[in-house]
Amino acid sequence: MALKIVKGSIDRMFDKNLQDLVRGIRNHKEDEAKYISTCIDEIKQELKQDNIAVKANAVCKLTYLQMLGYDISWAAFNIVEVMSSSKFTYKRIGYLAASQCFHEGTDVIMLTTNQIRKDLSSPNQYDTGVALTGLSCFVTPDLARDLANDIMTLMSHTKPYIRKKAVLIMYKVFLKYPESLRPAFPRLKEKLEDPDPGVQSAAVNVICELARRNPKNYLSLAPLFFKLMTSSTNNWVLIKIIKLFGALTPLEPRLGKKLIEPLTNLIHSRLVITLHRASVEKNVCLIGLVLPIVCVCVCVSNAVLISLSSGMPNHSASIQLCVQKLRILIEDSDQNLKYLGLLAMSKILKTHPKSVQSHKDLILQCLDDKDESIRLRALDLLYGMVSKKNLMEIVKKLMLHVDKAEGTTYRDELLTKIIDICSQSNYQYITNFEWYISILVELTRLEGTRHGHLIASQMLDVAIRVKAIRGFAVAQMAMLLDSGHLLTGNMQRNGICEVLYAAAWICGEFSEHLDDPMQTLEAMLRPKVASLPGHIQAVYVQNAAKLFATVLQKHEGATDSQAAQDTSQLLIERLPLFVQSANLEVQERASCILQLVKYIQKLQQKDVEVAEEVSALFAGELNPVAPKAQKKVPVPEGLDLDAWINEPPSESESEDEKPKAVFAKEEPKQSRARHIEVDEKELARRREARKQEQANNPFYIKSSPSSQKVYQDAPGVEHIPVVQIDLSVPLKVPGMPMSEQYLKLEEERRQKERADKKKKDKKKKKREKRGKGKRDDSGPESEEDITPAHQVDIVTEEMPENALPSDDDDKDPNDPHKALDIDLDKYVPSAENTLHKVTVCMLHAEKQGDLSITRHFLV
Amino acid sequence: MQFMLLFSRQGKLRLQKWYVPLSDKEKKKITRELVQTVLARKPKMCSFLEWRDLKIVYKRYASLYFCCAIEDQDNELITLEIIHRYVELLDKYFGSVCELDIIFNFEKAYFILDEFLLGGEAQETSKKNVLKAIEQADLLQEVSHHEGSRFVD
């Protein structure tokens, strides 16, 4: 026995401690993995020992290995053992390891609950501290529920060290267990006035985070925060409070008015000094005030604008002030300041575009910056700064960048931005769609982009919606189909070959505009096409059929029936390649069409006219459908979607499921309670669940006949009366047109318009205002004066009758902050009456059927 | 804050602190990608970048990169300040801290971080208080260590 002990201690002398481990790893750079696996074996041995010091050492080493990337979850139980040691050193190591590797899936977390509870009530504040710190990293809903009350009591601990930690950890607890918010909130409010500044700022932090997500519940605290803001000198706290006000002001306009005064003071006093000092001292923290102040100013002036129609003179001044300061930031040579200036500007842009537009030159300069983040920010800003006038030149600049850009992510970003800018609000800013199509075609020359589908969808969109442009678009697409380089480009999904998808479809659908459908048909059926991705080939095949119909129409009736027969022959020769394709869709379509063409050929040989019937295959226009149209289809009269289709299952089945719930403690109680409930509630709940399921199930066939209406022409489409346009651009453009010539043409056109208008105006003026002297009317052209070059006949998306567009189904149902959205004013604060509080909590807990908390109070 | 990573110029991880629960695999993936992205940036570039749906704030001190991930609404400059504060704390504690200090005393680095940040928020903005708390905890450790410094319990 004694020998064992001695042997044990000798072994322990040779244990590696952390330093040895680190040194060892650094010395074994070549065979690190092998060395580490030997170490892990040693650690496993050490963990089997009884000695807690040895275990703690082992766990410490494991933590280090975890940081290097090795998984240590197999040692979870040992970590819990070490956590439960009474010595602070080992406890600390245990908690550290736990905070690094425990997560919600760790089974042994349940074992820690009591240990943590003991530590929380320990007389040693550092024990408590370390427990709180560790807990914050791995708190789970169960832990939160069980420990919420202990932590709440700790908020009123005598030592501020503990109070601080307890306040901060409550935020995590709230996230995991939202029901704890209501009882904890009064105490939290008290902490805002805690004498210790650390606790105070912790409370401010927590409330700010909570209020950011659910601001309306915290409006009542506004006066308190106002007082804090004006009295506090701690910058960190100030920043948080200002951020909080940023969230509150949209809801309470009077608050906005009150804030303007102190905020303007702040800006003047702090910012002027800070910006000056910053470049000298780089005191970043003070500059950190900028962003939240800007946000608040924006909200404030917004709120004020809404509440007072006769604007206050001050608010626009404060916005101007902000924008001025931001300009100084952006012009600074420090990259960080530039970035932040741009960021803040984009926030202002959303509500006050005019004040930002004057700085367009600066933004365009930033586009040339070497730093990618800054360029991206500038791009974002541009998005809001476009107008009909400058869209073309901005896009031209961006295209230059696209050519110069290194790195495909940036190029992709540019591409997306260009398309976003152009397609904003239903193409509001585009005056010349031919120019836009040529831009899209130029973009197809980009290699290696992941956004081929974007370009493709844009082409499709424009071609469908803007009827006047179809001829031009079709000509362009035909050229694209002919061009070899796209076929040899990369074939990955979403690569640039997606454009061919759009090209083929457009040519097929609007084939009446094609000059030489035979040529295009031939291009579509080349053998090389078979190397494209499956979905593109399918479109090719389908549209080849459409083109075939057009060709037949063209040639039949004329004496040129040979051409028609040649076409059929061509199809019969080329389609078998597609019939053998590996892709199901392609195969299916190709074989259908092949058969069809064979029949047609037979008919042709008998000299029967088939063109009409073949065209009838593709008759009818396809209009775009709104994305939420299906949901808005009204349920017709007399149809009850909730009626059972079959007999409901009998009650005896639900009885059989009871025995399975034996092992969970709370479940039997709940299921018993449910049986006592009236049956109707159960049915109502099931009905709701079923409705939800049906709404989400794409295969569920709704029996309403009105769903057919959605796909037809008539309702919901607004036609702007077509005005005769005089096109200054010839429709047939040889070769690929450069978009620059459009720029020039556009300029000429606008000048011409302006000249015409001036002549008209002068005549009017001479008639009306004689003797009043010439008035200068050549001010900046307003947006409405610029008439688009082509009549934009934008077909709006179809919706079922009387359906309203709504946007409220996008919220994420799993957001924990949604659960925290409770009205705190309803809860009656009674800090003095603890008995009342206890009763309320008990009732609250009982209502939930949660036994553990009630038990807690009885202890 | 969602997480904080410290890594060297060669991409070796020196410290990682996660304030959101994630599985091990995800953590490793995020770490790998982020380290690559940050190391690829040139020295003159600004300290902020957007990555996935988070904002990343990073700063290089000697051979170590301090990198924090914050949410959209959080203030970037405050995060820079937090990083700076942390470095100052380490400096005060270790006395002219260098990367080796953090390598060999990584658990102390963690303890200091834990005193400074809790749940991703700044706990204590006064440097003095943080250092005082750490010193006291250390003393406590020394005392208990002294008492229990036998091999066999």
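Residues numbered from 1 in each chain as written. Chains lettered and ligands numbered in written order. Predicted model: local features only at pLDDT ≥ 70, side-chain atom pairs only at ≥ 80, totals over all residues. Heavy atoms only, no water.

### Considerations on the overall build of chain A
Link 1 in the chain: A tally of helices and strands in chain A yields 41 helices and zero strands.
Link 2 in the chain: When the accessible surface of chain A is split by element, carbon and sulfur atoms take 54% of a total near 44,500 Å². (Helix = DSSP H or I, 4+ residues; strand = E, 2+ residues; numbered from the N terminus. Areas by Shrake-Rupley, 256 points an atom, 1.4 Å probe, with all protein chains shown as cover.)

### Details of the overall build of chain B
Link 1 in the chain: Helix and strand counts for chain B come out as five helices and seven strands.
Link 2 in the chain: When the helices and strands of chain B are read in sequence order from the N terminus, they spell out β-β-α-β-β-β-α-α-α-β-β-α.
Link 3 in the chain: Put simply, chain B has 153 residues, and 59% of those count as buried.
Link 4 in the chain: Within chain B, residue pairs in contact and separated by at least 24 positions form 47% of the contacts whose partners lie at least 6 positions apart.
Link 5 in the chain: Just so you have it, chain B exposes about 7,000 Å², and 50% of that area is on carbon and sulfur atoms. (Buried < 20%, exposed > 50% of the residue type's maximum accessible area, 1.4 Å probe, protein only. Contact = heavy atoms within 4.5 Å.)

### Overview of the nonpolar core
Link 1 in the chain: Counting 250 residues, the largest nonpolar core has F102(A), F225(A), Y436(A), M459(A) and Y86(B) as its most contacted members.
Link 2 in the chain: Ranked by residues supplied to this core, first place goes to helix α31 (residues 534-555) of chain A with 11 residues.
Link 3 in the chain: In this view, M459(A) contacts L440(A), V441(A), T444(A), M477(A), L480(A), V499(A), A502(A) and I506(A); residues no more than four positions away in its chain are not counted.
Link 4 in the chain: Residues F7(B), L22(B), V38(B) and I56(B) belong to the second largest nonpolar core, which totals 19 residues. (Core = buried A, V, L, I, M, F, W, Y, C linked by side-chain atoms within 4.5 Å.)

### Section: the confidence of the model for chain A
Residues and elements named next belong to chain A.
Link 1 in the chain: Chain-level statistics for chain A give a pLDDT mean of 70 and a share of 66% at 70 or above.
Link 2 in the chain: Confidence drops under a pLDDT of 50 for residues 277-286, and excluding neighbours within four residues, the segment shows 16 contacts in the predicted structure.
Link 3 in the chain: Contacts of residues 726-737 to residues separated by more than four positions or lying in other chains number 21 contacts, the stretch itself having pLDDT below 50. (pLDDT = per-residue confidence, 0-100.)

### Considerations on a negative patch on the surface
All names here are of chain A.
Link 1 in the chain: A surface patch of negative charge is lined by D607, E609, E612 and E613.
Link 2 in the chain: Within the fold, D607 resides in the loop between α33 (584-605) and α34 (611-616).
Link 3 in the chain: The exposure class assigned to D607 is exposed, which follows from its relative accessible area of 63%. (Patch = residues over 30% accessible without salt bridge, like charges linked within 9 Å, V, L, I, M, F, W, Y side chains within 5 Å. Salt bridge = Lys/Arg side-chain N within 4 Å of Asp/Glu carboxyl O. Lys, Arg positive; Asp, Glu negative; His and termini not counted. Charge placed at Lys NZ, Arg CZ, Asp CG, Glu CD.)

### Notes on the pairing of strand β2 (residues 13-18) of chain B
Remark: a regular strand shows side chains that alternate across the two faces of the sheet.
All names here are of chain B.
Link 1 in the chain: Counting buried residues in β2 gives six out of six residues, a clear majority hidden from the surface.
Link 2 in the chain: Looking at chain direction, strand β1 (residues 3-8) and β2 are connected through five bridges and run antiparallel. Of the residues in β2, the one forming a bridge with M4 is K17.
Link 3 in the chain: The antiparallel pairing of β1 with β2 creates a hairpin that spans four residues between the two strands, and G11 there sits at a positive phi of about 90 degrees. (Pairing = 2+ DSSP bridges.)

### Topic: unusual backbone geometry
The general pattern is negative phi for most residues beyond glycine and trans for most peptide bonds.
Link 1 in the chain: Despite not being glycine, R52(B) has its phi angle at roughly 50 degrees, a positive value.
Link 2 in the chain: Relative to the helices and strands, R52(B) is located in the loop between β3 (48-51) and β4 (54-61).

### As for the sheet that holds β1(B)
All names here are of chain B.
Link 1 in the chain: As summarised here, the arrangement of the five strands in space is β2-β1-β5-β4-β3, forming an open sheet in which the pairing is antiparallel. Either end of the sheet is taken by a strand with one partner, and the two such strands are β2 and β3. Going from strand to strand, the sheet's axes swing by 20 degrees on average, the running direction of each strand aside.
Link 2 in the chain: Sheet strands in contact with helix α2 (residues 76-94) are β1, β2, β3, β4 and β5 (64-70), and its direction is about 35 degrees off that of β4. (Axes fitted to C-alpha atoms, helices over the stretch in contact; angles between N-to-C directions.)

### With respect to the packing of aromatic side chains
Link 1 in the chain: Throughout the structure, instances matching the rule amount to 14 aromatic pairs over all chains.
Link 2 in the chain: Ring centres of Y339(A) and F48(B) lie 5.1 Å apart, and the angle between their planes is 35 degrees; this geometry places the pair in the tilted category. With Y339(A) in helix α19 (residues 335-351) and F48(B) in strand β3, this residue pair bridges two chains. Here Y339(A) matches F48(B) in class, with each residue buried.
Link 3 in the chain: Ring geometry for F106(B) and Y110(B): centres 5.8 Å apart, planes at 80 degrees, overall edge-to-face. (Phe/Tyr/Trp six-rings, centres within 6.5 Å; stacked < 30°, edge-to-face > 60°.)

### Side note on the interface of chain B and chain A
Link 1 in the chain: Contact with chain B, which involves 62 residues of that partner, is made by 70 residues of chain A.
Link 2 in the chain: Of the roughly 6,000 Å² buried at the junction of chain B and chain A (both faces included), carbon and sulfur atoms supply 56%.
Link 3 in the chain: Summed over the shared surface of chain B and chain A, the result is four salt bridges.
Link 4 in the chain: For R92(A), the salt bridge goes to D138(B), with nearest N and O atoms at 3.7 Å.
Link 5 in the chain: Where chain B meets chain A, there are nine residue pairs in polar contact (both at pLDDT 80 or more). (Buried area = accessible area lost by both parts, 1.4 Å probe. Polar contact = N/O pair within 3.5 Å; in protein donor to acceptor, adjacent residues only side chain to side chain.)

### Focus on helix α22 (residues 372-385) of chain A
Link 1 in the chain: Between its first and last C-alpha, α22(A) extends 20 Å over 14 residues, near the 20 Å set by a 1.5 Å rise per residue.
Link 2 in the chain: Among all positions in α22(A), only S373(A), I374(A), R375(A), R377(A), A378(A), L379(A), L381(A), L382(A) and M385(A) are buried. (Expected span 1.5 Å × (residues − 1).)

### Re the environment of I83(B)
Residue and element names in this part refer to chain B.
Link 1 in the chain: Relative to the helices and strands, I83 is located in helix α2.
Link 2 in the chain: Residue I83 is classed as buried on the basis of its relative accessible area of 0%.
Link 3 in the chain: Spatially, the C-alpha atom of I83 lies 8.1 Å from that of C68, the residues being 15 residues apart in sequence.
Link 4 in the chain: Residue contacts for I83: discarding those within four places in its chain leaves V57, K59, Y61, F66 and C68.

### Quick notes on the side chain of S122(A)
All names here are of chain A.
Link 1 in the chain: As for its position among the elements, S122 is in the loop between α7 (109-120) and α8 (125-138).
Link 2 in the chain: Within the structure, the side chain of S122 is placed 3.4 Å from the side chain of D127, a separation counted as a polar contact.
Link 3 in the chain: Aside from chain neighbours lying at most four places away, what touches S122 is D127 and T128.

### A word on the side chain of K164(A)
Link 1 in the chain: Tracing the chain through its elements places K164(A) in helix α10 (residues 160-176).
Link 2 in the chain: Discounting chain neighbours no more than four positions away, the residues touching K164(A) are G198(A), V199(A), A202(A), Q123(B) and E124(B).

### As for the packing of α7(A) against helix α9 (residues 141-154) of chain A
Residues and elements named next belong to chain A.
Link 1 in the chain: One way to put it is that α7 packs onto α9 with a least axis distance of 10 Å and a crossing angle of 5 degrees. One way to sum up the angle between α7 and α9 is to call them roughly parallel. Of α9, the residues touching α7 (which contributes I109, T112, T113, I116, R117 and L120) are L143, D146, L147, D150, I151 and L154.
Link 2 in the chain: A breakdown of the residues in the contact of α7 with α9 according to their chemical character gives seven nonpolar, two polar and three charged. (Parallel < 35°, antiparallel > 145°, perpendicular 65-115°, else oblique. Nonpolar A, V, L, I, M, F, W, Y, C, P; charged D, E, K, R; others polar.)

### Here's the deal with the pairing of β5(B)
All names here are of chain B.
Link 1 in the chain: Among the seven residues in β5, seven count as buried, and that is most of the element.
Link 2 in the chain: Of the two faces of β5, the one lined by L64, F66, C68 and I70 and the one lined by Y65, C67 and A69 are each fully buried.
Link 3 in the chain: Strand direction decides the pairing type here: β1 and β5, joined by six bridges, are antiparallel. Bridge pairing in β5 links M4 to C68.

### Let's talk about the confidence of the model for chain B
Residue and element names in this part refer to chain B.
Link 1 in the chain: Taken over all residues, the pLDDT of chain B has a mean of 82, while the share at 70 or more is 93%.
Link 2 in the chain: Under a pLDDT of 50 for its full length, residues 149-153 has, in the predicted model, eight contacts with residues more than four places off or in other chains.
Link 3 in the chain: Across the predicted assembly, pTM comes out at 0.61 and ipTM at 0.78.

### Some points on the pattern of salt bridges
All names here are of chain A.
Link 1 in the chain: Going through the model one piece at a time under the given rule, you end up with 20 salt bridges over all chains.
Link 2 in the chain: Put simply, E585 and R589 hold a salt bridge, and the shortest N to O gap is 2.9 Å. Residue E585 and its partner R589 are both found in helix α33; the two are separated by four residues, about one turn of the helix.
Link 3 in the chain: Relative accessible area serves as the criterion here: at 25%, R589 is assigned to the partly exposed category.

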